[in-house]
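For reference, the chains in residue letters:
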Amino acid sequence: MQNMRKFKILFANELFLSFVSIVLFVILLLNSCASRELQSQTMLQLNAPSEKSEKLNSALAQQNLDFRKKYAASDYKIGPEDLLEIDTFQVQDLKSTVRVSAQGFIKIPLIDKIKAGGLTVSELETYIAERLQQYVKEPVVSVFVKEYRSQQISVLGSVKDPRVYYATGQKYLLDMLSLAGGLTQDAGSVCIIQRTAEPGRGEFTDKIVIDLDELLINGRSDLNIPLFSGDVVQVPQSGIFFVDGAVKNPGEFHLKSKTTFTQALGMAKGLELTAARSDIKIFRDKGNQDREIITVDYDAVVEGKSPDIPIQEKDIIIVSSSGLKRFLNTVTGSIGWGMFRVGGQPY
């Protein structure tokens with residue numbers, strides 16, 4: 001009887017231990033599944049495409065198709081190595097096929113050597129017709145680009161395939177963004193085109209900033225500007241603001257944590273001596289074609305009399321020069337319409 005009692009106790013203990021083991025196993029299994037699920041969700045979140053960039057890429061594909069139907073080669077500027085067919089109506093002897101020289105010149109009958117490089121087809125037609133008037137009554141000239149030269153246009157920054165592209169024919173901004181595979185997840189919603197006065201030579205002389213929201217989402221076809229050999233298209237990461245005018249280092253800057261107005265001017269190396277310190281403007285994106293204009297007195301901020309305003313993405317800080325009030329006429333319109341230039345004329 002005593003042995004039976006011991007057996008029952010032992011059996012109960014074994015049963016309890018088995019139950020505990022099963023419970024522990026189930027708990028560990030659930031934790032493991034939950035951990036894998038959490039890890040899977042985390043990986044999905046990390047790999048999920050940016051909703052903003054995907055929206056822009058979707059619009060890029062559609063707008064490029066729509067805009068392409070509207071544009072011809074009328075904006076194309078003739079360049080070295082282009083092969084041109086030139087014809088004058090009812091004057092067979094003046095028909096010729098010529099290659100543009102490395103210096104941009106061509107030779108045609110009667111006129112001899114003329115500069116064709118840098119002109120559009122229509123401009124060259126008009127110029128040749130004017131030169132022929134002393135030989136032909138009311139000449140009608142037609143120019144056709146039979147072979148386009150290879151143009152080097154760089155697309156850099158937050159695009160899927162950043163590199164130098166060798167393009168032929170007239171290319172527009174959307175053409176090059178499409179060739180580069182579209183925008184990456186970290187891309188911002190502005191695009192900067194750097195342009196030289198003479199392609200392939202000298203430093204950049206112009207920076208054109210395009211608001212991609214205006215171009216792609218709002219369908220602003222006028223912002224799909226033509227590009228030329230030597231242009232560099234830069235798509236910065238999100239979190240960009242701009243400082244221009246009477247500062248020592250105008251340009252675009254990356255937002256850091258809680259960047260303020262005075263810190264932004266510090267990033268631009270400070271104000272020039274000619275700066276109108278009490279009349280600095282911040283143009284702030286409102287999500288439409290208008291911008292909020294905030295007037296800031298620099299000295300009042302430094303002295304603690306006015307708050308040091310936090311800077312937001314796509315803010316444009318314009319520091320005008322003392323005595324010059326024309327910046328509202330030269331800048332506000334272009335800023336409000338989605339395009340402006342950085343480091344241009346003094347404001």
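Let me begin by describing the structure that accompanies this report. Residue positions within a chain follow its written sequence, with the count starting from 1. For this predicted model, a pLDDT threshold of at least 70 governs which residues receive local features, and a threshold of 80 or more governs which side-chain atom pairs are given and counted, while totals over whole chains, interfaces and linings are taken from all residues. Values reported for side chains reflect all heavy atoms of the structure, with hydrogen atoms and water molecules removed beforehand.

**Some points on the overall build of the protein chain**
What counts here: Helix and strand definitions follow DSSP, with helices as H or I runs of at least four residues and strands as E runs of at least two, each counted in order from the N terminus. Accessible area is worked out with a 1.4 Å probe on protein chains only. A residue is then buried under 20% of its type maximum, exposed over 50%, and partly exposed in between. What makes two residues a contact is simply this: any of their non-hydrogen atoms within 4.5 Å. Using a 1.4 Å probe, the Shrake-Rupley method yields the accessible areas, and only the shown protein chains count as cover for residues.
Along the protein chain, the regular secondary structure elements total 9 helices and 18 strands. Expressed as a percentage of its 347 residues, the buried residues of the protein chain come to 41%. Residue pairs at least 24 apart in sequence account for 59% of intrachain contacts in the protein chain once pairs closer than 6 positions are excluded. Counting only carbon and sulfur atoms, one obtains 54% of the accessible surface of the protein chain, whose full area is about 19,700 Å².

**Notes on helix H3 (residues 121–132)**
Threshold: Helix span, as expected, comes to 1.5 Å for every residue beyond the first. Directions from the helix axis toward the C-beta atoms define the arc.
For H3, with 12 residues, the first-to-last C-alpha span of 17 Å sits near the 16 Å given by 1.5 Å per residue. Within H3, burial applies to Val121, Leu124, Ile128, Ala129 and Leu132. Relative to the axis of H3, the buried residues are bounded by an arc of 135° and lie together on one face. Buried residues along H3 sit in contact with strand S1 (83–88), strand S2 (91–99), strand S3 (105–108), strand S4 (112–115) and strand S5 (141–147).

**Thoughts on the sheet that holds strand S15 (residues 275–285)**
Convention followed: Pairing between two strands is assigned when DSSP locates at least 2 bridges connecting them. For every element, the axis is a line fit to its C-alpha atoms; helices are fit only across the contacting stretch, and the angle between N-to-C directions ranges from 0 to 180 degrees.
Strand order in the open sheet made by the 5 strands is S14-S13-S17-S15-S16, with mixed pairing throughout. Here the strands that pair on one side only, and so sit at the sheet edges, are strand S14 (251–254) and strand S16 (291–296). Recorded for the sheet is a direction-independent mean angle of 20° between the axes of neighbouring strands. Note that S15 and S16 share 6 bridges and pair antiparallel. Note that in S16 the partner of Phe283 across the bridge is Ile293.

**As for the nonpolar core**
Stated formally: We define a nonpolar core as any set of buried Ala, Val, Leu, Ile, Met, Phe, Trp, Tyr and Cys residues linked to one another through side-chain atoms lying within 4.5 Å.
If you look at the biggest cluster of nonpolar residues, it comprises 26 residues, and the most contacted ones within it are Leu177 and Ile193. Residue assignment for this core shows that the elements contributing at least two residues are helix H2 (51–70), strand S6 (151–157), helix H4 (173–179), strand S9 (190–198), strand S10 (201–211), helix H5 (212–217) and strand S12 (232–235). If one sorts the elements of this core by residue count, H4 sits on top with 4 residues. Those residues in contact with Leu177, other than ones at most four positions away along the chain, are Leu60, Val155, Val159, Gly182, Leu212, Val233 and Val235. Grouped together as the second largest cluster of nonpolar side chains are 21 residues, Ala246, Phe261, Ala264 and Ile282 included.

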